[in-house]
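This is what each chain is made of:
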Amino acid sequence: YFIDFYTAVNNHWILKAQDLRNLTTLSVAGGFRDYQVRSGLAFLPRLSQHDSALSVVSSAVPRAWASTDHLSIVWCKELILATIRAFFDLIDENTRQITEDPKKRMSVLNHHFVRHPAKIFEENPEAFTELTGAFMWITVKASKWTYSLYNDSDGKYFTFPLASHRKSYSHVYCENSMLDPSSWIYGCVNSNSSMCLEATDLSWRAELLPTTKVVILKLQDYPSLSHIVIQVPPTVGNKYTLDCEFFKEDSRTVQLPVTHLFSFGLSSSKILLNSTGLLYNVQLQHFNQIYQAFKIYIESHCQSLKERKPSVYRLHIPWSHEDSIIVAKVPSFTEISAKLHIAQPENDSRIPELNIYSSSDCQYEVILKTSLLQVLGQIIRFHAGSLPVYIVSNILLTYGGQLSTLISTGQCSDFSLELVRTAKPYKVEPLISIVVFLQGFNWFREIWQSLSLPEVDAAVLSSRDAWFPLVSLILFLFGTGIAYWSGVFFSTSLRLFSSLWLTLIRPTVPQKDKLITHRRLCGVLSLALVSWTTCGAFAVFIVYLQYSFKSVHVFVASVFYFQDSDHSKETSQNSSIHTVKNQSSMDSISEATQSLSNSTIAEAVNSLKMHVTILNLFTWIVLLNLPSLIYWLKNLRYNVRLDPDPCRSTAIIIVCILEILMNSSTSEVKSSKLLKIAAKVPLPLSVAMLAFGRMHLYKVPHFVIFSLLLHVLCCIV
């Protein structure tokens, strides 16, 4: 239901793009610490017709720079302050209301949530600024410059002539550790003198980082500038540092190919940076898919032991606002996790970068390795919601295998052994892959739509770049493992409860009874009434507990009957030793009794194995309906009836099926004409469940109900 809701919202957003142009939307995601809602789901669709939607991750928001969980994102002080500042700047001075200008709204949001220039927001900053004050003008001709000051009472202007640097360098980089919101860097336009009284304020091109504010200017973009001016105001009690350097972009950009997914961290990519400057860009080649996850280790070494400013490492993802920033001391050893919230769009060729705001005269070694745990974490993050489908599919395959074994041998195999034998991914995955492949052809898609079949979930995920190779196989193996250990858990729990029961209560010998009686019919009607008037998940939970109790009772009674038959056998053998008369008749009676006892015990064991499988199957149905039950319990004091209830009608059918199955036995199923059909149905149902249930968990009970409905018919027909 949630997927249908979000799909409807996104479709409305796309179809009504022209009507929604005046609506500005901001979406802030929590990042990798938000385990409830992954950040990719919070990214709004960006269209050429609609450019008023902004999606950011909290780790990239200026002054926050931290990932948050799903609850703390609403009370994170840094995010609250950014939101408050944005609301104040959104107010129109004339109307005293939120501005109706969409361009200004987007400008304000970009200022506070994307790129903060360390200045107070201005809608239309002045093009030129007068450089006033009796400051000393100092010309700097070097390509690299550093200036530190403390308690300096005299203000200064440092000018950097650009004419001598344009031929040798392509960029200029400046950083300032004073984080006040005042302007500090300017550009003189066509000035022949080393001084200029009017200049362009380049501080709006700056970007705020945790420990500094930086400016990177491409000289080619500013052909009219003759000088760059750095203003150093008088300081009392403040200590800060300014750095500037001219550099070639090629000399500061290095390429680091990422390791392959199947290297499993055994191989690595390395690069050594002998830092002579202040900025390096490490391009992470071929890093563009959500299933890629790496550990980046940065080790810094410095020649001298003097105190240095901390280094800033930023993992920049160019196609989305999901950067992560880390501040590290120098020298140090730093570990960075590199993984994506959304994959690279098809029409985007930009490359993710690791920006290193370094200290000069230091050496940086960058090592990149594939992290197997992080890759598995990405699989869980993007596809953990599909895992119950794979678990139920494995159990359904096992259930079908038990029915097939019942046909061929007359005995029901153990759950764990049958799971290992029948739950194979090659039985379900190839067919789904073939359908997804064929849906790429128009003729097949037309036939598929003419049959009114829904689109395969794997195809939808692939179109959203949320599906990657072998993920289905990995999830299937995970599902097999969980199903196996859940079967072991059920068997162990059954024995423990049965032992406790035998200790406290002496059970009665199980009696053969009809499947449908007046008492059971009343029970079905009562639970159906509970489902209709209160909550369907509550009725399912009650009948599940009843089924569990019945299974324990069957196990205890079987054990007791087995012990009682052994005791009777010993008694008859002892009496035959002291009795000489009628020896032949006693032997025949003993053999008949033993044969009847063995067949009864075998039937009870077979029925118990089938009950354990069905109970294991319905355990996951109960877990899938558990959110409805929890929601109903929390709101019980307000309303007794859950409305709308997503599993009301489903619960009534489940109640009817389980009330019949809990009193059934394998002897009734063996003689059924429908057993062969019932044994073959679970396989196509497992395929259909994986094809259409990965994104729609509410469909899973429907496949299980259909399979067990045939089981009920086998008990009757």
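The structure under discussion appears in the preceding block.
Note that the structure is predicted; figures quoted are calculated from it, not measured.

### What about the sheet that holds strand 21 (residues 353-357)?
Okay, so step 1: Taken together, five strands build an open sheet; the order of strands is 14-16-21-18-19 and the sheet is mixed. Since the sheet does not close on itself, it has two edges, and those belong to strand 14 (253-257) and strand 19 (324-328), each with one partner. Each strand of the sheet is rotated relative to its neighbour by a mean of 20°, with strand direction disregarded.
Okay, so step 2: Here strand 14 pairs with strand 16 (residues 279-285) via five bridges, running parallel. In the sheet register, Pro257 faces strand 16, and the bridge partner there is Gln285.

### Some remarks on empty space enclosed by the protein
Okay, so step 1: As enumerated under the stated definition, the model contains two cavities of 30 Å³ or more in all.
Okay, so step 2: Mapped by element, the contributors of at least two residues to the lining of the largest cavity are helix 6 (387-409), helix 14 (583-634) and helix 16 (666-670).
Okay, so step 3: When residues of the lining of the largest cavity are assigned to their parent elements, the largest contribution, four residues, is made by helix 14.
Okay, so step 4: Residue composition of the lining of the largest cavity, by class: five nonpolar, six polar and no charged.
Okay, so step 5: Its boundaries defined by the atoms lining it, the second largest cavity holds a volume of some 40 Å³.
Okay, so step 6: Lining the second largest cavity are Pro62, Arg63, Glu78, Ala82, Arg85, His112 and His116.
Okay, so step 7: Residue classes in the lining of the second largest cavity are distributed as two nonpolar, two polar and three charged.

### Focus: the state of the cysteines
Okay, so step 1: Taken as a whole and assessed by the stated rule, the structure comprises three disulfides.
Okay, so step 2: Two residues share a disulfide in this structure: Cys174 and Cys244, whose sulfurs sit 2.1 Å from each other. Disulfide Cys174-Cys244: torsion about the S-S bond near 120°, hence right-handed. Separated by 70 residues along the polypeptide, Cys174 in strand 7 (residues 171-176) and Cys244 in strand 13 (residues 239-247) bring together distant segments of the chain.
Okay, so step 3: For Cys174, a relative accessible area of 2% translates into the label buried.
Okay, so step 4: Of the residues examined, Cys244 reaches a relative accessible area of 3% and is grouped as buried.
Okay, so step 5: The connectivity of the disulfides in the chain is 1-4, 2-3, 5-6, where the numbers refer to bonded cysteines in sequence order.
Okay, so step 6: Here Cys714 stays free of any disulfide, with the sulfur of Cys715 as its closest cysteine sulfur at 6.9 Å.

### Some thoughts on the environment of His286
Okay, so step 1: Tracing the sequence through the fold places His286 in the loop between strand 16 and strand 17 (293-302).
Okay, so step 2: For the pair His286 and Pro352, spaced 66 residues apart in sequence, the C-alpha separation works out to 8.9 Å.
Okay, so step 3: Among all residues touching His286, those that are not within four sequence positions of it are Val258 and Gln292.

### Digging into the pairing of strand 2 (residues 53-57)
Okay, so step 1: The buried fraction of strand 2 amounts to five of the five residues, a majority that puts the element mostly inside the structure.
Okay, so step 2: In strand 2, alternate side chains face the same way, and those of Ala53, Ser55 and Val57 on one face and Leu54 and Val56 on the other are all buried.
Okay, so step 3: Both strand 1 (residues 25-29) and strand 2 contribute to a ladder of five bridges, which runs parallel. Looking at strand 2, one finds that Ser27 is bridged to Ser55.

### Considerations on a negative patch on the surface
Okay, so step 1: A surface patch of like charges, here negative, comprises Glu122, Glu126, Glu130 and Glu198.
Okay, so step 2: Along the polypeptide, Glu198 turns up in strand 9 (residues 198-201).

### Notes on the packing of helix 12 (residues 518-533) against helix 15 (residues 648-661)
Okay, so step 1: It is the contact of helix 12 with helix 15, at a shortest axis distance of 9 Å, that shows an interaxial angle of 165°. Between helix 12 and helix 15, the crossing angle belongs to the class labelled roughly antiparallel. At the point where helix 12 passes helix 15, the crossing takes the right-handed sense. Two secondary-structure elements touch here, helix 12 through Val524, Leu527, Ala528, Ser531 and Trp532 and helix 15 through Arg648, Ala651, Ile652, Val655, Cys656 and Glu659.

### Details of the sheet that holds strand 7
Okay, so step 1: Pairing in this open sheet of five strands is antiparallel, and the strands run 5-13-7-11-10 from one edge to the other. The outermost strands of the open sheet, each flanked by one partner alone, are strand 5 (144-150) and strand 10 (207-208).
Okay, so step 2: Where strand 10 lies against strand 11 (residues 213-218), two bridges are found, and the strand directions are antiparallel. Note on strand 11: the bridge partner recorded for Glu207 is Val214.

### With respect to the packing of aromatic side chains
Okay, so step 1: Counted according to the given criterion, the structure contains 20 aromatic pairs.
Okay, so step 2: Residues Trp145 and Phe158 carry aromatic rings whose centres are separated by 4.8 Å and whose planes lie at 45° to one another, so their mutual orientation is tilted. A residue pair is termed long-range when its members are at least 10 positions apart, and Trp145 in strand 5 and Phe158 in strand 6 (residues 156-161) qualify at 13 residues.
Okay, so step 3: The buried category is assigned to Phe158, whose relative accessible area is 4%.
Okay, so step 4: These aromatic residues form a ring-pair network of at least three members: Phe437, Phe441, Trp443, Phe444, Trp448 and Phe692.
Okay, so step 5: The side chain of Lys119 reaches across the aromatic face of Trp204, ending 4.9 Å from its centre.
Okay, so step 6: Lying across the ring of Phe32, Lys339 places its NZ or CZ 4.6 Å from the centre.

Rules behind the numbers
Residues numbered from 1 in each chain as written. Predicted model: local features only at pLDDT ≥ 70, side-chain atom pairs only at ≥ 80, totals over all residues. Heavy atoms only, no water. Pairing = 2+ DSSP bridges. Helix = DSSP H or I, 4+ residues; strand = E, 2+ residues; numbered from the N terminus. Axes fitted to C-alpha atoms, helices over the stretch in contact; angles between N-to-C directions. 1 Å grid on protein atoms, 1.4 Å probe; cavity = no way out; pocket = protein on both sides within 12 Å on 5 of 7 lines; lining within 4 Å. Points joined across faces, edges and corners; volume = space filled by probe spheres on them. Nonpolar A, V, L, I, M, F, W, Y, C, P; charged D, E, K, R; others polar. Disulfide = S-S within 2.5 Å. Buried < 20%, exposed > 50% of the residue type's maximum accessible area, 1.4 Å probe, protein only. Contact = heavy atoms within 4.5 Å. Patch = residues over 30% accessible without salt bridge, like charges linked within 9 Å, V, L, I, M, F, W, Y side chains within 5 Å. Areas by Shrake-Rupley, 256 points an atom, 1.4 Å probe, with all protein chains shown as cover. Salt bridge = Lys/Arg side-chain N within 4 Å of Asp/Glu carboxyl O. Lys, Arg positive; Asp, Glu negative; His and termini not counted. Charge placed at Lys NZ, Arg CZ, Asp CG, Glu CD. Parallel < 35°, antiparallel > 145°, perpendicular 65-115°, else oblique. Left-handed = near helix turned anticlockwise from the far one by under 90°. Phe/Tyr/Trp six-rings, centres within 6.5 Å; stacked < 30°, edge-to-face > 60°. Lys NZ or Arg CZ within 6 Å of the ring centre and 35° of its normal.

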